[in-house]
Amino acid sequence: MFAQIRRLGAVAAFIACALLLAGCGNSNTHFAAAARSSAPKMTVVAIGDSIMRGNGLSPAQAWPALVAASNNWSLTNLACDGAGFVALGVANQCGSDFSGLVAKAASLHPALILISGSSNDLGVDDGLLGAQTDAVVTALRSAIPTATIVGISTVWNDTDAPHQIADINTQVRDAVKQAGGVYLDIGQPLTGHADWLQSDDVHPTAEGQEVLAMAIDGAIRGANLTLGG
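These numbers were taken from a predicted model, which means no experiment stands behind them. (Residues numbered from 1 in each chain as written. Predicted model: local features only at pLDDT ≥ 70, side-chain atom pairs only at ≥ 80, totals over all residues. Heavy atoms only, no water.)

Helix and strand content of the protein chain: 8 helices and 5 strands. For the protein chain, the succession of helices and strands along the chain, N to C, is α-α-β-α-α-β-α-β-α-β-α-β-α. Per-residue burial over the protein chain gives 51% buried out of 229 residues. Relative to all contacts within the protein chain whose residues are 6 or more apart in sequence, the contacts with residues 24 or more apart total 77%. Of the accessible surface of the protein chain, which amounts to about 9,500 Å², a share of 53% is contributed by carbon and sulfur atoms. (Helix = DSSP H or I, 4+ residues; strand = E, 2+ residues; numbered from the N terminus. Buried < 20%, exposed > 50% of the residue type's maximum accessible area, 1.4 Å probe, protein only. Contact = heavy atoms within 4.5 Å. Areas by Shrake-Rupley, 256 points an atom, 1.4 Å probe, with all protein chains shown as cover.)

Structure representation (structure tokens):
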């Protein structure tokens, strides 16, 4: 599992350690063992933007699919290009902000919901964005009361993140915790690595998605969340 991770070498291992991720140093073995499990699969839904969707790559190369495969999850990735808590996604995918994905998520009866802040919301008034973030997470909790909601910090590129990214993360953290969920701050694993980004300097390459998968999987395990497999 994650064959390309082996090519990242010591740099990726350092990132995993620096972020206090679980399984540092033997992540390949751990992931492979999890993927072979025959335990019943847990139903998981992911809500996010084009980075979560794996824009420019195959669906199987996006970090949610990588993490799902390593944990024996049954995943539906509802991430939508251009979408955010306020920003509208592209019409041929969702044509809405994250609120428009709640009903679809609820219809899948997930045990776990992954939702991330998005740089698509940069420039939106903080008051409006905070209110909409609360509304989306509250709607998820109301529609799927038994699900574990996991908020994930916003992924930026290889440069220093704009100040508002921290504000977006705070809003997601507060909304998710208010709903009884778990917030995971994975830092910025892509910082300083333009080679882990596609030519648009926004969307991760396959290797960049693997780095994100390592970070997020480690954070999920570190939070002692219930995992399939």
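What follows is about the sheet that holds strand β5 (residues 182-184). Strand order in this open sheet of 5 strands is β2-β1-β3-β4-β5, and the pairing throughout is parallel. Looking at strand neighbours, the two that pair on one side only are β2 (73-77) and β5, the edges of this open sheet. Here the strands of the sheet are splayed against their neighbours by 20 degrees on average, with no regard to which way each runs. Pairing of strand β3 (residues 112-116) with strand β4 (residues 148-152), which is carried by 5 bridges, proceeds in the parallel orientation. Bridging across to β4, Leu112 finds its partner in Thr148. On top of the sheet, helix α4 (residues 63-71) reaches β1 (42-47), β2, β3 and β4; it is set at about 165 degrees to β2, its chief contact. (Pairing = 2+ DSSP bridges. Axes fitted to C-alpha atoms, helices over the stretch in contact; angles between N-to-C directions.)

Another aspect to go through is unusual backbone geometry. Leaving glycine aside, a negative phi is the common case for residues, and trans is the common case for peptide bonds. One non-glycine residue with positive phi stands out, namely His109, at about 50 degrees. Relative to the assigned elements, His109 resides in the loop between α5 (102-107) and β3. The phi angle at Asp201 is positive, at roughly 60 degrees, despite the residue not being glycine. When you line up the elements, Asp201 lands in the loop between β5 and α8 (206-222). Assessed through its relative accessible area of 30%, Asp201 is described here as partly exposed.

Counting 29 residues, the largest nonpolar core has Trp63, Trp73, Leu114 and Ile220 as its most contacted members. For this core, the secondary-structure elements that each account for two or more residues are β1, α3 (50-53), α4, β3, β4 and α8. In terms of nonpolar packing, the next biggest core, distinct from the first, is built from 27 residues, Ala106, Val124, Val137 and Ile144 among them. (Core = buried A, V, L, I, M, F, W, Y, C linked by side-chain atoms within 4.5 Å.)

This part is about the pairing of β1. Regular strands place side chains that alternate from one sheet face to the opposite one. Within β1, 5 of the 6 residues are buried, leaving the element largely enclosed by the surrounding structure. Note that β1 and β2 share 5 bridges and pair parallel. Residue Val45 lies in a different strand from β2, and its bridge partner there is Thr76. Note that β1 and β3 share 4 bridges and pair parallel. In the strand pairing of β3, Ile47 is matched with Ile115.

Glancing now at the pattern of salt bridges. Taken as a whole and judged by the stated rule, the model has 3 salt bridges. Here Asp174 and Arg173 are joined by a salt bridge, their closest N and O atoms 3.0 Å apart. Classification of Arg173 by relative accessible area gives partly exposed; the value is 31%. The salt bridge partner of Arg221 is Asp217, with a shortest N-O separation of 2.7 Å. Here the residue Arg221 and the residue Asp217 both occupy positions in helix α8, the gap between them amounting to 4 residues, near one helical turn. (Salt bridge = Lys/Arg side-chain N within 4 Å of Asp/Glu carboxyl O.)

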